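Each chain is listed here by its residues.
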Amino acid sequence: MNTLKESPLDVATAVARHRLPAGEPWLAEVKRGQTVRIVDLEGNQAADILFYNRHDPAEHYDAAGTMLAEGGIYLSTGSVLRSNAGNPLLTIVADTCGRHDTLGGACAAESNTVRYALQKKFMHSCRDNYLLAMANADVGLTKRDLVPNVNFFMNVPVTPEGGLEFADGVSGPGKYVELHAEMDVWMLVSNCPQLNNPCNAYNPTPVEFVFWDPA
Amino acid sequence: MNDQPIVDAFPHWQRFAADLPADRVVWSEVLPGGAHWSWRLSRGTALRFAALDDRANCSVVLYAAHDPLERYNLPDSLKAQHTAHYTRGHTLMSDMGRALASFTHDTLGWHDPFGGLLDSARMAQKYGEHRYEVHRNAMYRSGRDGLLVEIGKHGLTARDLIAPVNLFSRVTVDANGRFVFDDQRKTAGASVELRCDMDVIVAVSTAPHPLDPRPGYQPGKVGIAAWKSGAAPADDYCRGFRPECARALHNADVFALA
């Protein structure tokens, strides 16, 4: 199953570029018809992202509904990210990575106590990032809206025996995924600060967002 | 004493969960296929689910009763336990790192966590429309609509509807990441138990699993019995199952001190 596809878009014609440093949050708007490229600048960094209808924050990315419509657990070229109302939020139009994770979710102080050790509570986490970005943006998003997210550049395979593995190796420096917005969306990002998981070699790195207007 | 019970509660559990300690069973229900219901349950209460027919599927969602902003978290539960299926020993964890409920009994060995919920469009496409006006109580109701009704009774909306655990269903994932639904599984006679590790709101739907490829809308009946199991003891099987389960149960124990 080859879902690798390069984008014809030229960064020289982009309308905006945003470098998101390692471990930081960002809430941005993507307008309907715009294309956003997410670049894994140094490789094997997880970009934990949620999408919301810009005009109705109660409509959010739906991991289970998206997987059901796609018939499987990975996202790649052609995958449609769907909302809890069944609407297309964005479509993946290019991908040089091959698969993106729908199952792993976002790290949190509380889940780190469970996954690693009780004393991991005070480490920086994705859900802290999300909560801070939502509080600062004050656009009607709250903890209530923190649903299972997409982890771009992450590889989380399921074994035939029903095990879950955190693998890596599908991403690398400069690899990217590109999404076409099917409606005006909020894009809530945590550039994962996780330091307990070997996926990123314990070294969180920056990612870049590149935006194009409709042709 | 009076031989006649003063309420019409029927002791269904004696037929499908006769091994439960009679003096600790609180009540039981038989849900027809395609039905939905919900409860608020205290820590230390357990629900025994029994498939009474083949093709049973029971979608379960869990919220903390003290604050439904705390709720079952699919990614946290799967990744903490390195699992893509649930069976005895596994714990359903909240987004706050606490055990909401644990699997204390299971005769099947695999319950689906991928959280598929049948919606009305998919249901009509697969099985045709069966609306009340023509079919009365034999109407078809999707798992999504059933759960929206139930969580709505507790003040929650579609914004709050989470991915469920689909009891009795088995979905594997192939090498390309595609879902494969086990349509050979016979569920009649199977049973599974969830012990509440916190005070919780539980909502269930017995609509078909959305990936079930078999033709015809024939969701199985599910018997449910609630009994006072007590909170997880020190030597609890789930506590010992994985260190992550022990920590999630510890976090729930600490919360219960409040």
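Residues numbered from 1 in each chain as written. Chains lettered and ligands numbered in written order. Predicted model: local features only at pLDDT ≥ 70, side-chain atom pairs only at ≥ 80, totals over all residues. Heavy atoms only, no water.

Draft legend 1. Region of the structure containing the overall build of chain A. When its secondary structure is counted, chain A shows 3 helices and 11 strands. N-terminal to C-terminal, the α/β element order of chain A is β-β-β-β-β-α-β-β-α-α-β-β-β-β. The C-alpha radius of gyration computed for chain A amounts to 16 Å, which stays within 12% of the reference 17 Å derived for 215 residues, consistent with globular compactness. Projected onto its principal axes, the C-alpha positions of chain A cover 50 × 40 × 35 Å. Counting the 215 residues in chain A, one finds 60% classified as buried. Counting only contacts in chain A whose residues sit at least 6 apart along the sequence, the fraction spanning at least 24 positions is 77%. Total accessible area computed for chain A in this model is approximately 8100 Å², and 52% of it derives from carbon and sulfur atoms. (Helix = DSSP H or I, 4+ residues; strand = E, 2+ residues; numbered from the N terminus. Rg over C-alpha atoms; globule rule 2.2 N^0.38 Å. Buried < 20%, exposed > 50% of the residue type's maximum accessible area, 1.4 Å probe, protein only. Contact = heavy atoms within 4.5 Å. Areas by Shrake-Rupley, 256 points an atom, 1.4 Å probe, with all protein chains shown as cover.)

Draft legend 2. Examining the nonpolar core more closely. Core analysis: the biggest nonpolar cluster contains 120 residues, and Phe152, Met187 and Phe209 of chain A together with Phe49 and Phe168 of chain B have the highest contact counts within it. With 6 residues, strand E4 (residues 58-64) of chain B is the single largest residue contributor to this core. Each residue touching phenylalanine 152 of chain A, except ones within four places of it in the same chain, is listed here: Ile38, Gln45, Ala46, Ala47, Ile49, Phe51, Leu81, Ile92, His100, Val177 and Leu179 of chain A. By size, the runner-up hydrophobic cluster in this structure holds 9 residues, among which are Ala17, Ala50, Ala225 and Trp227 of chain B. (Core = buried A, V, L, I, M, F, W, Y, C linked by side-chain atoms within 4.5 Å.)

Draft legend 3. Highlighting the pattern of salt bridges. This model, assessed by the stated rule, comprises 23 salt bridges over all chains. In this structure, aspartate 19 of chain B and arginine 48 of chain B form a salt bridge, with 3.1 Å as the shortest nitrogen-oxygen distance. One end of the pair, aspartate 19 of chain B, is in the loop between helix H1 (13-16) and strand E1 (25-31); the other, arginine 48 of chain B, is in strand E3 (residues 45-51), with 29 residues separating them in the sequence. Through salt bridges that share partners, Glu29, Lys31 and Arg54 of chain A make up one connected network. (Salt bridge = Lys/Arg side-chain N within 4 Å of Asp/Glu carboxyl O.)

Draft legend 4. The arrangement of unusual backbone geometry in detail. All names here are of chain A. Here the phi dihedral of aspartate 138 falls at roughly 50°; this positive angle occurs in a residue that is not glycine. Tracing the chain through its elements places aspartate 138 in the loop between helix H3 (126-137) and strand E8 (150-152). In this structure, tyrosine 202 is a non-glycine residue whose phi angle is positive, near 60°. Within the secondary structure, tyrosine 202 sits in the loop between strand E10 (185-191) and strand E11 (207-212).

Draft legend 5. Quick look at H3 of chain A. All names here are of chain A. Given a rise of 1.5 Å per residue, 12 residues ought to cover 16 Å, and the 16 Å separating the end C-alpha atoms of H3 matches this to within 8%. Looking only at H3, the buried set comprises Cys126, Arg127, Asn129, Tyr130, Ala133 and Met134. Taken down its axis, H3 places every buried residue within 155° of arc, on the same side. Along H3, exposed side chains directed more than 90 degrees from the buried face belong to Ala135 and Asn136. In the segment just after H3, aspartate 138 is the residue with positive phi, at about 50°. (Expected span 1.5 Å × (residues − 1). Arc of directions from axis to C-beta.)

Draft legend 6. Seen up close, helix H3 (residues 120-127) of chain B. The residue sitting at the N-terminus of H3 of chain B and contributing the capping side-chain oxygen is aspartate 119 of chain B; that oxygen lies 3.3 Å from the backbone nitrogen of alanine 121 of chain B. Of the residues trailing H3 of chain B, glycine 128 of chain B is marked for its positive phi of about 85°. (Polar contact = N/O pair within 3.5 Å; in protein donor to acceptor, adjacent residues only side chain to side chain.)

Draft legend 7. How the structure looks around the sheet that holds strand E9 (residues 175-181) of chain A. Residue and element names in this part refer to chain A. Spatially, 6 strands are ordered E1-E11-E3-E9-E7-E6 in an open sheet, and the strand pairing comes out antiparallel. Each of the sheet's edge strands pairs with one partner strand only, and the pair in question is strand E1 (16-20) and strand E6 (80-82). The sheet shows a mean angle of 20° between the axes of neighbouring strands, direction not considered. Bridging between strand E3 (residues 35-40) and E9 involves 6 bridges; their strand directions are antiparallel. (Pairing = 2+ DSSP bridges. Axes fitted to C-alpha atoms, helices over the stretch in contact; angles between N-to-C directions.)

Draft legend 8. Just the sheet that holds strand E6 (residues 99-106) of chain B, in detail. Residues and elements named next belong to chain B. The 6 strands lie next to each other as E1-E12-E3-E10-E6-E5, forming an open sheet whose pairing is antiparallel. Edge strands, defined here as strands with exactly one partner in the open sheet, are E1 and strand E5 (91-93). For this sheet, the mean inter-axis angle between neighbouring strands, taken without regard to orientation, is 20°. Against the sheet, helix H7 (residues 243-256) contacts E5, E6 and strand E10 (191-196), and its axis sits at roughly 55° relative to E5.

Draft legend 9. Representation of the interface of chain B and chain A. Listed as interface residues are 43 residues of chain B and, on the opposing side, 40 residues of chain A. Summed over both sides, the interface between chain B and chain A buries roughly 3600 Å², with carbon and sulfur atoms accounting for 56% of that surface. Its largest share of buried area at the contact with chain A, chain B owes to Lys79, Arg159 and Arg247 of chain B, together 23% of the area lost on that side. A salt bridge links aspartate 95 of chain B to lysine 143 of chain A, with the nearest nitrogen and oxygen atoms 2.7 Å apart. Where chain B meets chain A, there are 23 residue pairs in polar contact (both at pLDDT 80 or more). If you list the elements that add at least two residues to the side of chain B that touches chain A, you get helix H2 (74-81), strand E8 (171-173) and H7 of chain B. Residue classes in the side of chain B that touches chain A are distributed as 18 nonpolar, 13 polar and 12 charged. (Buried area = accessible area lost by both parts, 1.4 Å probe. Nonpolar A, V, L, I, M, F, W, Y, C, P; charged D, E, K, R; others polar.)

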